[in-house]
Amino acid sequence: MSLIWQADFYRSPLQNTQEQVLWELLVCDQTRSFEFTANCPQSQANSTWVAQQLQLAGREKLPDLIQVFRPQSLNLITIAGNNLGIQVEATRRTLALKQWLAAKQYPVIVDKLPPLPLPENLWGEKWQLATIPACDIIDEFIERPVPILQIPEFLKPINLGLASTVPIPGVIIYGGRKSMGLAQWLKESNPVALNYIAGTPDGLVLEAGLVDRWVLATFTDEEVTAAGKLYQQRKQLSQGLHFLLVQPDDSGMTYSGFWLLQQEE
């Protein structure tokens, strides 16, 4: 079984005796049964120092993978990981680490850029909001030939304790000839969540990667707005679980990509 760590390396509220700002490295496993902390003045905050500390933390066994959620930490930890032969993954889903940071009253929220419009060459023909019962959402796609299928184990409804009758909300994009290209772009963008955002106009905004945001659709129609609000309400009832489905058309015969998503800061 793979050993996975979660790590953060960032300015801390601490100072040393010379009143220098300290950078703090926090490392834990996914259950926080293992925790490691080290700090250094900003002048020493480099990948070599991080690699040395990771070696100290992993005296018994180095991890197979280190997960990092903060963009400012990613480069140094990636270089340190490469030097030690450890794979580093950029992901917002570092629950144990974020809980630890919150307990220490350290900042967890990272700055996000304004959402960008989806590249025009990717946009499909139409889209719609839909729901699938929790009892069906896995079987519906797991047994079909879906080229890009992302159903993380921890997001399966049964592992979230959701009742089988709970409707899981989602968005279906009919991509036509652009369907596979859109699905491939989404895969590379690493979708995290898809939100209805009220505004002028209203919109559907995709959260992706560590801080990326993309406008998938905008609309002013009152019926669509009402459906968007209902979509957000249903997400509250499904513990934030929702889906994104890309398919060429509405025949229900072929699919290009399917993602189970959950809101994550």
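Residues numbered from 1 in each chain as written. Predicted model: local features only at pLDDT ≥ 70, side-chain atom pairs only at ≥ 80, totals over all residues. Heavy atoms only, no water.

1. Section: the overall build of the chain
When helices and strands are tallied, the chain shows seven helices and 14 strands. Overall, the C-alpha framework of the chain stretches about 65 × 40 × 35 Å when taken along its three principal axes. Among the 265 residues that make up the chain, the fraction classed as buried is 49%. A sequence separation of at least 24 residues applies to 63% of the contacts in the chain between residues at least 6 apart. With an accessible surface of roughly 13,700 Å², the chain has 50% of that area assigned to carbon and sulfur atoms. Placing the 20 positive and 27 negative side-chain charges of the chain at their respective mean positions leaves the two points 2 Å apart. (Helix = DSSP H or I, 4+ residues; strand = E, 2+ residues; numbered from the N terminus. Buried < 20%, exposed > 50% of the residue type's maximum accessible area, 1.4 Å probe, protein only. Contact = heavy atoms within 4.5 Å. Areas by Shrake-Rupley, 256 points an atom, 1.4 Å probe, with all protein chains shown as cover. Lys, Arg positive; Asp, Glu negative; His and termini not counted. Charge placed at Lys NZ, Arg CZ, Asp CG, Glu CD.)

2. Points about the confidence of the model for the chain
Averaged over every residue, the pLDDT of the chain is 92; the share at 70 or more is 100%. For the chain, the element scoring lowest by mean pLDDT is helix α4 (residues 139-142), at 87; strand β4 (residues 65-68) scores highest, at 98. (pLDDT = per-residue confidence, 0-100.)

3. Points about the pairing of β4
Burial of the side chains of β4 extends over both faces: L65 and Q67 are buried on one face and I66 and V68 on the other. Where strand β1 (residues 4-15) and β4 come together, three bridges link them in parallel fashion. Residue pairing in the sheet places I4 in a bridge with L65 of β4. Strand direction decides the pairing type here: β4 and strand β5 (residues 87-90), joined by four bridges, are parallel. Across the sheet, Q67 pairs through a bridge with E89, a residue of β5. Of the crossover connections in this fold, the one passing from β4 over helix α2 (residues 71-84) to the parallel β5 is right-handed. (Pairing = 2+ DSSP bridges. Right-handed = clockwise from strand over helix to strand, strands pointing away.)

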